[in-house]
Amino acid sequence: MAKILVVDDAMFMRNKTSKLLQENGYEVVEASNGEEAVARYMRENPDLVLMDITMPVLDGIESLKQLRAYDPEAKVVMVTALGQKSMVLEAIKAGARDFIVKPFQPDQLLEAVRKQCEA
Amino acid sequence: MLKASLVNPFLESAFKFLQNELGAEVSRGSLRLEESRSTSGEVNVAIGVTGDAEGIVLYCMSERTAKAIAGALIGEAIPVFDRLAESAIAEMGNIITGQAAIGLEQHGYVCRLSPPTIISGKGVVISTLDIQRLIIPLELPFGHLDICVALRSLEPK
């Protein structure tokens, strides 16, 4: 069973995403900001990270950079309301594997997760 | 005076989100300009905008409306406006503003957003200092929602 780290400062989004993943057979761990995500990643060694961008303490782009510095093989998919072209390019440049713009359809998220977990 | 290119993306993204995610029929009242200091709703989501356009966007509503919208997003009735309900309402503001930021970028304004903040209470006065705000009044089956856009722009790239 693949383990997914869900990172979002919005409890509502964490609950929604975690429920969807658990219902589809994934193990889920959560973090509510970018700094917590880095600590959780080191402790849990998840197969994939779903990362919001706009978060307090440490934003998703900085967290992504720290994760990739710690583990160059870290698989991170950005899941964010910020879908501007400039943001997508910045995330991909920092090492994101994929980019999903909120609001997402459940199938869209599951397909992206499946793809990365099988890669 | 606020430019249409700064306001239209919010109208479009709000209609899209409310119709698609809440299945809500949405109607828009007349847009109006307000001074920077005015009384807000009982529940207000504030999101800061920086970059080529800067200021703040507010989503203002009564607690009753906030509970109804949060209930529709979460999928269950919300008797008390708790942390989960706050989070759902904040995320609504985050997503509408995020989608609007895509539209702003297409008009040449590259922007960053702050995480949402919830300001609650009766008779709260919020000042946007020297930036006038344009009010987009929306009627939903859940109640009334005002989107207040207080942005000023640098010249688009």
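So, a few notes on the structure that sits alongside this text. Bear in mind the structure is a predicted one, so any value in this text is a computation, not a measurement.

### Here's the deal with the sheet that holds strand β5 (residues 98-101) of chain A
Residues and elements named next belong to chain A.
Step number 1: Spatial strand order, β2-β1-β3-β4-β5: five strands in an open sheet with parallel pairing. Unpaired on one side and paired on the other, β2 (27-31) and β5 mark the two borders of the sheet. For this sheet, the mean inter-axis angle between neighbouring strands, taken without regard to orientation, is 20°.
Step number 2: Here helix α1 (residues 11-23) sits on the sheet in contact with β1 (3-7), β2 and β3 (48-51), set at roughly 165° to β2.

### Describing the pairing of β5 of chain A
Residue and element names in this part refer to chain A.
Step number 1: Taken together, the four bridges between strand β4 (residues 76-80) and β5 define a ladder with parallel strand orientation. By the bridge assignment for β5, V77 is matched with D98.
Step number 2: Where the polypeptide runs from β4 across helix α4 (residues 85-93) and back to β5, its parallel neighbour, the crossover connection is right-handed.

### Examining the side chain of N94 of chain B
Step number 1: Along the chain, the position of N94 of chain B falls in helix α3 (residues 83-106).
Step number 2: The exposure class of N94 of chain B is buried, given its relative accessible area of 3%.
Step number 3: Ignoring anything within four residues of it in the chain, the contact list for N94 of chain B reads A81 and K102 of chain A together with I47 and P116 of chain B.

### Focus: the nonpolar core
Step number 1: Counting residues in hydrophobic clusters, the biggest one holds 87 residues, and the most contacted among them are L21, L50 and M78 of chain A.
Step number 2: Setting aside residues up to four positions removed in sequence, L50 of chain A forms contacts with I4, L5, V6, V7, T17, L21, V77, V79, L109 and V113 of chain A.
Step number 3: Core analysis: the next-biggest nonpolar cluster, separate from the first, contains seven residues, A46, L58, V124 and I135 of chain B among them.

### Brief notes about the packing of aromatic side chains
For any pair of aromatic rings, the description rests on two quantities: the centre-to-centre distance and the angle between the ring planes.
Step number 1: Following the criterion strictly, the structure yields one aromatic pair over all chains and no others.
Step number 2: When the ring centre of F104 of chain A is taken as reference, the NZ or CZ atom of K16 of chain A above it lies at 5.5 Å.

### Some remarks on the packing of α1 of chain A against helix α5 (residues 106-118) of chain A
Residues and elements named next belong to chain A.
Step number 1: The N-to-C vectors of α1 and α5 enclose an angle of 65°; their axes lie 11 Å apart at closest approach. When you trace α1 past α5, the crossing you get is right-handed. In this structure, α1 contributes T17, L20 and L21 to the contact, and α5 contributes P106, L109, L110 and V113.
Step number 2: In the contact of α1 with α5, the residues fall into six nonpolar, one polar and no charged.

Conventions we followed
- Residues numbered from 1 in each chain as written.
- Chains lettered and ligands numbered in written order.
- Predicted model: local features only at pLDDT ≥ 70, side-chain atom pairs only at ≥ 80, totals over all residues.
- Heavy atoms only, no water.
- Pairing = 2+ DSSP bridges.
- Helix = DSSP H or I, 4+ residues; strand = E, 2+ residues; numbered from the N terminus.
- Axes fitted to C-alpha atoms, helices over the stretch in contact; angles between N-to-C directions.
- Contact = heavy atoms within 4.5 Å.
- Right-handed = clockwise from strand over helix to strand, strands pointing away.
- Buried < 20%, exposed > 50% of the residue type's maximum accessible area, 1.4 Å probe, protein only.
- Core = buried A, V, L, I, M, F, W, Y, C linked by side-chain atoms within 4.5 Å.
- Phe/Tyr/Trp six-rings, centres within 6.5 Å; stacked < 30°, edge-to-face > 60°.
- Lys NZ or Arg CZ within 6 Å of the ring centre and 35° of its normal.
- Left-handed = near helix turned anticlockwise from the far one by under 90°.
- Nonpolar A, V, L, I, M, F, W, Y, C, P; charged D, E, K, R; others polar.

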